[in-house]
Each structure stands twice: as structure tokens, then as C-alpha cells.
Amino acid sequence: MTSRIRRAICEQLPQLENLYYALEVPAKKELHAASRPLLQWILPATVAQQENEFLESMKSQQFDAAYIEHVRVVPSAGRSAAKVEFQLQPDAFAAHLLQVESTPSAASAFAKEHVVVEYSSPNIAKPFHVGHLRSTIIGNVLANLHQHLGYRTTRLNYLGDWGTQFGLLALGVQLKNVSNAEMRVAPIETLYNAYVFANKAATADPELAQRARDLFTALEAGTDETMTSKWQQYRHYTIDELASVYERLGVHFDSYEWESQYSQREISEVLAQLRSVGILQREQDGREIVVVDQRRVPVIKSDGSTLYLARDIAALLERHRRLQFSRMLYVVDNGQADHFNALFHTATALDNRLNDKLQHVKFGRIHGMSTRQGNAIFLRDVLNEAREVMSEKRSLSTTTKVNSCMNDEHVCDILGVSAVLVNVLKQRRQRDHVFSWEQALQVNGDTGIKLQYTHCRLHSLLENFRHIQLEDIKPSWRHLTQEPSDALDVLYELARFEQCVWQSKEQLEACVLVNYLFGLCNATSRALKRLPVKQERCQEKQSQRLLLFHAAKRTLQRGMQLLGLKPLNQM
């Protein structure tokens, strides 16, 4: 990577915040016009007001000559903003991108910032369905990006296990006489079936509906020790089953938390605070509400029971005390925008330290994600379908090689999951998305299969030349410039990795990184055709090409892992 070069520039300009990631590799047209590699910094609006003064001061700056040969300032013209071009020492540029042994990274500027990401958050009374997929994988990528950039990151899964519907769930378990063994085998499906059964029964029988309410009251008050013990056991089994799906998706959490862990006492304390500062207002019908953007949002029903907003306020305030976060991201669909607006408005009114720390990361819905039979209750079924489709495709492919050492089912599972994840992540998150099996599973298009295929191609090439000690080869800019232009195209794509990771984090958009990886794969595929290694007789050319493809594989692997993918070496 170009980390040392970027730091050399930043050390001379400490007054410019986040300059490290704002340094960009120019567009291909500009690079081909220059005889030397460039990094450019386009002046943002905050600096542009003092453009002349700033550009004049840049002329007197002394940068480390080992990395920067020349600095050129370009004033603004029309719609084009002013920029500073840093002409880099070519061999240093090539060495930092291609050297096999990576240099130790400097301490992150963000190590003191604590980012909490809440994502996935299924409800144990409902199936873990495709609707949870987008929250789960977008949240995972955002947590990965922050962690990669050096932020202290906490991954939080806040599971729904509270509310009157859980009285129905408990009733269903009793009516169906669900055994512990049944619950252990498939807890999510068993609980869902119990809920559906009880809901149907309670609709027809008011006495059963009352019994469900009584069960939840006892659970909430903690007066039924047997029920409380069983509830804890159900939660334990649920996490075990969820973890198996999360593992397939390349997802993990630092903390599983539950709605039920916030007691009535904690919620009552928050309500008392809201009343004391005049935020909570009583309506004529007995409800208590908060006013948010001229909307009257209920917090307490007329019968005195609390609504979901009260529990979320209590959870947010408790997390802020416990985790001392700098920023909290809630990765939840567009439909919850009003809820989070009310949550942030109310919690910030109680504690102004929460100002600018809270963000609802919205996303649209996925339509059409089902199995080929049209069934789509559980996400697990869709992932299994993806594995089966990939298995069929591999068995029909003439290029599939028989390898007794390879676990075909495992490979097909990774390929299927890669296809599903990338097909979802390559979309702008706020847009609704129509899922297509045909598009997701293409090898030639911009898909997860393409990323895996390119990684496997590079691994196979490097394995064939593993007898060559790449650590002993010194990267050469001169050799790269004597190659077809595809060599420099790959090199410049590698140099863009850091800026694309930063932009993906800043925009909270996984698609920025996904599209970068597609570009890297395309550049690499062209180079593999134009820069053959096996047929090349010149040993120096051969070794320089191997360095280039080694760096491409390393960068592709890092990017895929940030997306939650498991890079394959064979497929």
C-alpha cells in the first residue's frame, strides 16, 4: 500500500484533517498523460475560501525527497476545484505497492474513537428471514471497515424477545407440548411454529388470549421461575442456531443483547427523567407522548404499559454510560426512520452529549429473494438453495476439475453465499432491490463468483511459481513502464484501495468497495491475458509480473474479507 508515502505528505501538513485518505489517485487519462505516478488532493470547500493563500504556502513546503519528487499547484478554473498534485518517486511508489513483506502500520489516528454498530437484530418470535439479510451484511461490512481503519469497534446484536407477542409464543410452547430436544434441534423454526399455532388458537378463544397475556405478565415480573429458566434456555439455543447462519455469512458479534435485559425499573427511571424535564406530555385519553417535529409520538399507552420507544431510550442511555461510544450506528430498514428520529430526538433532549453521535443507517427492501419453489420463510433455505445451484453449475461445467482433497459442498456453499452477498452489497443501500438468481450466479458479470474466480486464478498462478522467492525481488518502475499499459493499470488500481475503503466508510456504502473490487478484477484479468508469466522467457519480466499479481491477490483478498467473503483458492 502507499501508506508511508501518504504519511510523508501528511507529516508536512498536520493542520489538514483526514488528508491521508483524501489523497486520491487521479483518473486513468490524467495518469497516462503524466510520466510519473501522482497523488492529488482536491481542495475541499473549507479550504477553498483561502485558496490563493493556501496554494502559495504549498510552494514553500519541503517534502521527503525519498517519496515526493515535485509538488504542483493547480488553481480552480470554472467548475474545476483547485488541487495539489504530488509527483511521486516512481521506484518508491512501486516498492510500497508491490513489496511482499508489508511494512508495519503506524498507530491509527482513530484508535481513541469508539464506534458501536447495531445490526441484524432478529426477533426470536419470527423467522430469521431474508429481510434480516441486508441489515446483517451491511452492518458487518461497516463494522469491518471501521475496524480496518483503526477505530475501536463494537459489534452489537440486539435481539427481540419482549412484548405481548412473547406471551403467545410461551403459550404455543405449552399448547404444543414442545420438548427440550425439539427446541435444541431447531429453536427458531420451533418457536416460530409455536407462535403461529398459539396466535391462531388465541384468535378463536378469548380465554387463551388472556392466558397469553398472563404468561407475559408473569415473565415480565419474574414471578414464574420455571418460565424464566426456560426463556433463558430458548435464548441460548437461538443464539447457537443464529451463529451457524452468521458463520456462513462471514459475520460475528462482540455482544448479543436482549430487549428483556432492560427491566421495568430502568424504563421507569427514564420515564421519570422525561417527565421531570417536561418532555413527556399527558394526553386527554391517558396516553403519554413526546413531540417530535410536530408529531405526537406515544411512549406510554392509556393503560399505563410502555411502548417500544421507551425501552429503546433506556437501552441507548445505558449503552452510552457503559460503552462510552463516540458514534452509534443503527443499521435498520427505511421503514423505521420515524422511530429512530423520535429515539434520537428524545434521548438527546435527556443527554446532550449524544448530539452528533447517533445515526440511522437506512436501507431499502429486497424483493423476489426466494427459493426456486417460491418458498422464502427462512434465510437458511435461501443460502442452501444458493449452495445447491452452485453445485449444479459446477457439475455441468466442462472446466470443473475433480479434486479429491477439496470439499465440494463447502466450496459450493462459499460460492453460493458469495453470490448472494455481493448481489445485495453492490446496490446502493437505500434503493429497493429485486433479487435475481440468474444475475447473482453469473461468472462473467459483476458478481461474487467473479471475485472468487479471479482470486482462484491468481492463487493458481502463484502456486505454480512458488519456487521463486518473491521476497528477494526488488520492484522496478522501469520494467513496469516497458510493459503493455495493463501493468500500470493494475498498479494504479492497487494504489486506489485505501481511498476506496475510506470513501466506503465515509458514505456508509458497501457498494463503493464492491465496485472497486470489480475494477481491480477487470484490470487484473486484462493483465493476465497481456502479461503471461509461464510463456515469458525473460526472467526479470517474469519476476516483476509475479510481484504485480501477488499484490493484486493480496489486495483482492483484503477487500473480499472486508465484505465478509471467504476467499477460495480453488473452485
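Attention here is on the structure that accompanies the text. (Residues numbered from 1 in each chain as written. Predicted model: local features only at pLDDT ≥ 70, side-chain atom pairs only at ≥ 80, totals over all residues. Heavy atoms only, no water.)

## Re the packing of aromatic side chains
The full count for this structure, using the stated rule, is 21 aromatic pairs. Measuring from ring centre to ring centre gives 5.1 Å for Trp 162 and Phe 216, while their planes differ by 65°; the resulting arrangement is edge-to-face. Of this pair, Trp 162 sits in the loop between strand S5 (152-159) and helix H8 (165-175) while Phe 216 sits in helix H11 (residues 206-221); the two residues are 54 residues apart in sequence, bridging distant segments of the chain. Exposure class is identical for Trp 162 and Phe 216. Each is buried. Measuring from centroid to centroid gives 5.0 Å for Tyr 330 and Phe 340, while their planes differ by 50°, and the two rings are tilted. Of this pair, Tyr 330 sits in strand S10 (residues 327-331) while Phe 340 sits in helix H15 (residues 337-350), and the two are 10 residues apart along the sequence. In this structure Phe 340 comes out as buried when scored by relative accessible area, which is 4%. (Phe/Tyr/Trp six-rings, centres within 6.5 Å; stacked < 30°, edge-to-face > 60°. Helix = DSSP H or I, 4+ residues; strand = E, 2+ residues; numbered from the N terminus. Buried < 20%, exposed > 50% of the residue type's maximum accessible area, 1.4 Å probe, protein only.)

## Some points on helix H17 (residues 408-425)
Its 18 residues give H17 an end-to-end C-alpha distance of 25 Å, which sits within 8% of 26 Å, the value for a rise of 1.5 Å per residue. Counting buried residues along H17, 15 of its 18 residues qualify, which places the element largely inside the surrounding structure. (Expected span 1.5 Å × (residues − 1).)

## Some remarks on the side chain of Thr 154
Along the chain, Thr 154 falls in strand S5. Given a relative accessible area of 14%, Thr 154 falls into the buried group.

## Quick notes on the pattern of salt bridges
Taken as a whole and assessed by the stated rule, the structure comprises 34 salt bridges. The shortest N-O distance in the salt bridge between Glu 241 and Arg 380 comes to 3.2 Å. Of this pair, Glu 241 sits in helix H12 (residues 225-248) while Arg 380 sits in helix H16 (residues 379-396), and the two are 139 residues apart along the sequence. Under the relative-accessibility criterion, Glu 241 is labelled buried at 14%. What makes Arg 380 partly exposed here is its relative accessible area of 24%. Where Glu 288 meets Arg 282, a salt bridge forms, and the shortest distance between an N and an O atom there is 3.3 Å. For Glu 288, a relative accessible area of 6% puts it in the buried group. If you follow the salt bridges from partner to partner, you end up with Glu 118, Glu 257, Glu 318, Arg 319 and Arg 322 in one network. (Salt bridge = Lys/Arg side-chain N within 4 Å of Asp/Glu carboxyl O.)

## Describing the layout of surface pockets
Its volume calculated, the largest pocket comes out at about 1,400 Å³. If you list the elements that add at least two residues to the lining of the largest pocket, you get helix H7 (133-148), H11, helix H14 (308-323), S10 and H15. Top contributing element to the lining of the largest pocket by residue count: H14, with 6 residues. Tallied by class, the residues present in the lining of the largest pocket amount to 17 nonpolar, 18 polar and 13 charged. (1 Å grid on protein atoms, 1.4 Å probe; cavity = no way out; pocket = protein on both sides within 12 Å on 5 of 7 lines; lining within 4 Å. Points joined across faces, edges and corners; volume = space filled by probe spheres on them. Nonpolar A, V, L, I, M, F, W, Y, C, P; charged D, E, K, R; others polar.)

## Digging into the sheet that holds strand S3 (residues 83-88)
Here we have 3 strands laid out as an open sheet, ordered S1-S3-S2, and antiparallel in their pairing. The open sheet has two free edges, formed respectively by strand S1 (38-42) and strand S2 (68-74), since each of these has just one partner strand. This sheet shows a mean twist of 15° between the axes of neighbouring strands, independent of strand direction. As paired strands, S1 and S3 are joined by 5 bridges and run antiparallel to one another. The residue of S3 that forms the bridge with Trp 41 is Val 84. (Pairing = 2+ DSSP bridges. Axes fitted to C-alpha atoms, helices over the stretch in contact; angles between N-to-C directions.)

## Concerning the environment of Glu 257
Within the secondary structure layout, Glu 257 lies in strand S6 (residues 255-258). Note on Glu 257: relative accessible area 3%, which makes it buried. Glu 257 sits 13 residues away from Ser 244 along the chain, and the two C-alpha atoms are 18 Å apart. Setting aside residues up to four positions removed in sequence, Glu 257 forms contacts with Leu 156, Asn 157, Tyr 158, Leu 159, Tyr 262, Arg 319 and Arg 322. A polar contact is formed between the side chain of Glu 257 and the side chain of Arg 322, at a distance of 3.0 Å. (Contact = heavy atoms within 4.5 Å. Polar contact = N/O pair within 3.5 Å; in protein donor to acceptor, adjacent residues only side chain to side chain.)

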